[in-house]
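Each chain, written out:
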Amino acid sequence: MTPLTETADVAIPELAGLQRRLLVAGAVGGALSLVGLLIDVRQFLQSYLMAYMLCLGVTLGCLALGMIHQLSGGAWGVVIRRPIGAAARVLPVMALLFLPIALGMTRLYVWTNANLVAHDEALQHKHLYLNIPFFLIRAAIYFLVWNGVSYLLNTWSLEQDRTADPRFSRRMQILSGGGLVAYGVTITFASFDWMMSLEPHWFSTIYGVLIMGGQGLSALAFLIIVLVWLSRRPPLDRIVVPAHFHDLGNLMLAFVMLWAYFSFSQYLIIWSGNLPAEIAWYLHRLQTGWRAVGLTLILFHFAAPFVVLLSRQVKRQPELLVKVAVGILIVRLVDLFWLIAPEFHQTGISVSWMDVVLPLTLGSIWLACFIWQLRDRAILPLHDPEFDEALGRIIERGAPPRTVH
């Protein structure tokens, strides 16, 4: 039998080949994206921002879920702890991939136009916050906080594996408490800066929470897909049982409802207020061709997964659950398209080939980096305080407990 302490690179040799194929796909997509950049810079940046926010959402969502597990405990987080850590360690790459947004911000954000600001009283009042130097300083702070928290958690996790010292668990719990607060604050302001300020006259105090809910959902969908793939290979084929998928399916259902609650709350508050500065954001989405995208989100981002995930049978069958997770990741991209694209095409829906190529390109690059990080460490956290509980789930299906080497 394959020892449970082996690295993912040794235990799952297919990862190396998959990483190479993803890098090739990323290179081909990058070449096509460069053509798009030369043809239409603004469309390239719009599509890039959408793709970037999806990849960043999975990364930060995994980091947040890891911190939640450190505080709450439970077997649900043990089997996905390694994928969570691997995703969080991609944050330095995400900081590098932010450069096109920083370099192209004058094509993305109207508040960078000095002539427009000079003739717009509202933008003049917001200029103390919405200006290029402060925008870049804030972005640097966000990445420093995210990378700092990720680095400490992953370093202490590695030391916990090496020494089995319980003090590292306590350190990670303490850091996770403050880290979740720091994550909430930074992602709220980052969402204001990078997405909400595309329409600088509009504002929503619940916008940051809406983005957080979407990131948690994106991360859970991704982790379920990864766990299903890993559970078919040693050593996780001897550890993961339907009860683990059931727990993750319940969490995904909770995040589906959370996202729907935040989205409807924002709409209800703004629509009932009927203030021109706020309601205009919905008008050019609901009174044009963009309405079809909104209806798609209602049906496939909430109604369909909500109904399907109510089924215990679906949540305990990996083949069915992974289909739901893939669908959710697709509609997460549609949701980001709904939040970003109408600010550039206010008269009606417009879909570019770059809206497909750039998410696939950045997704391939991100996945290759994720696999690189996953291959570097043992696939199971043997010294996690909840590891025995995770093993205990095997007994639930009537099988004898397995020996851990």
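Here we summarise the structure given alongside this text.

Reading guide: rules and limits
- Here the residue numbers are simple positions, counted from 1 along each chain's written sequence.
- Two thresholds apply to this predicted model, a pLDDT of at least 70 for residue-level local features and 80 or more for giving and counting side-chain atom pairs, whereas whole-chain, interface and lining totals are computed over all residues.
- Only hydrogens and water are set aside when side-chain values are computed; all heavy atoms of the structure are taken into account.
- Numbering of helices and strands runs from the N terminus, with a helix taken as a DSSP run of H or I at least four residues long and a strand as a DSSP run of E at least two residues long.
- Only protein chains enter the accessibility calculation, which uses a 1.4 Å probe; a residue is then buried when its area is under 20% of its type maximum, exposed when over 50%, and partly exposed in between.
- Charged-residue counts in this description rest on Lys and Arg as positive and Asp and Glu as negative, His and the chain ends being excluded.
- For salt bridges, the criterion is a side-chain nitrogen of Lys or Arg within 4 Å of an Asp or Glu carboxyl oxygen.
- Within 3.5 Å is the distance limit for a polar contact, defined as a pair of N or O atoms, with the added protein rule that one can donate a hydrogen and the other accept it, and that residues adjacent in sequence qualify only through two side-chain atoms.
- Criterion for a disulfide: a pair of cysteine sulfur atoms within 2.5 Å.
- The contact criterion used is simple: two residues touch if any of their non-hydrogen atoms lie within 4.5 Å.
- Here the axes come from fitting lines to C-alpha atoms, over the contacting stretch only for helices, and the angles between their N-to-C directions go from 0 to 180 degrees.
- An angle below 35 degrees is treated as roughly parallel, one above 145 as roughly antiparallel, one from 65 to 115 as roughly perpendicular, and anything else as oblique.
- Here, nonpolar core refers to any group of buried Ala, Val, Leu, Ile, Met, Phe, Trp, Tyr and Cys residues whose side-chain atoms link them within 4.5 Å.
- In this scheme, patches are assembled from residues that exceed 30% relative accessible area and form no salt bridge. Like charges are connected within 9 Å, while nonpolar side chains (Val, Leu, Ile, Met, Phe, Trp, Tyr) are connected within 5 Å.
- Each accessible area value is a Shrake-Rupley result obtained with a 1.4 Å probe; residue values ignore everything except the protein chains displayed when judging cover.

So, on to the side chain of Asp355. Topologically, Asp355 is positioned in helix α18 (residues 354-374). Arg42 is the oppositely charged side chain nearest to the buried, salt-bridge-free Asp355, at an N-O distance of 12 Å. There is a polar contact of 2.6 Å between the side chain of Asp355 and the side chain of Ser47.

With that settled, consider the state of the cysteines. Should the sulfur atoms of two cysteines be covalently bonded, the bond is a disulfide. Counted according to the given criterion, the structure contains 0 disulfides. Among the cysteines around Cys62, which has no disulfide bond, Cys55 carries the closest sulfur, lying 12 Å off. We note that Cys369 lacks a disulfide partner, and the nearest cysteine sulfur, in Cys55, lies 10.0 Å from it.

This part takes up the side chain of Thr188. Position of Thr188 relative to the elements: it lies in helix α11 (residues 167-194). By relative accessible area, Thr188 is classed as buried at 17%. Only 2.6 Å separates the side chain of Thr188 from the backbone oxygen of Gly184, close enough to count as a polar contact. Those residues within four positions of Thr188 in sequence are excluded, and the remaining contacts are Gly208 and Met212.

This part covers the packing of α11 against helix α12 (residues 207-230). Two elements in contact, α11 and α12, have axes separated by 8 Å at closest approach and are oriented at 110°. Classified by the angle their axes make, α11 and α12 are roughly perpendicular. For the pair α11 and α12, the contacting residues are Tyr183, Gly184, Ile187, Thr188, Ser191 and Phe192 in the first and Tyr207, Gly208, Ile211, Met212 and Gln215 in the second.

Turning our eyes to something else, we now look at the nonpolar core. Generally speaking, a soluble globular protein has its nonpolar side chains buried in company with each other. One finds Tyr52, Tyr109, Trp146, Trp194, Met252 and Phe370 to be the most contacted residues of the largest nonpolar core, which totals 127 residues. Beyond its immediate stretch of four places on either side in the chain, Tyr52 contacts Met94, Ala95, Leu97, Phe98, Ile101, Phe143, Trp194 and Leu362.

With that settled, the discussion passes to unusual backbone geometry. In this structure, the amide linkage connecting Pro234 to the following residue, Pro235, adopts the cis form with an omega of 5°. Looking at the element boundaries, Pro235 is found in the loop between α12 and α13 (242-273). Here Ala164, not a glycine, exhibits a phi torsion of approximately 60°, which is positive. Locating Ala164 in the fold gives a position in the loop between α10 (132-163) and α11. One non-glycine residue, Asn274, lies in positive phi territory at about 55°. With respect to the helices and strands, the residue Asn274 is situated in the loop between α13 and α14 (276-286). Under the relative-accessibility criterion, Asn274 is labelled exposed at 51%.

Moving on to a nonpolar patch on the surface. A grouping of Val24, Val28, Leu32, Val35, Ile39 and Trp353 is seen on the molecular surface, where their side chains present a nonpolar patch of about 580 Å² in accessible area. Following the sequence through the fold, Leu32 ends up in helix α2 (residues 14-39). Note on Leu32: relative accessible area 43%, which makes it partly exposed.

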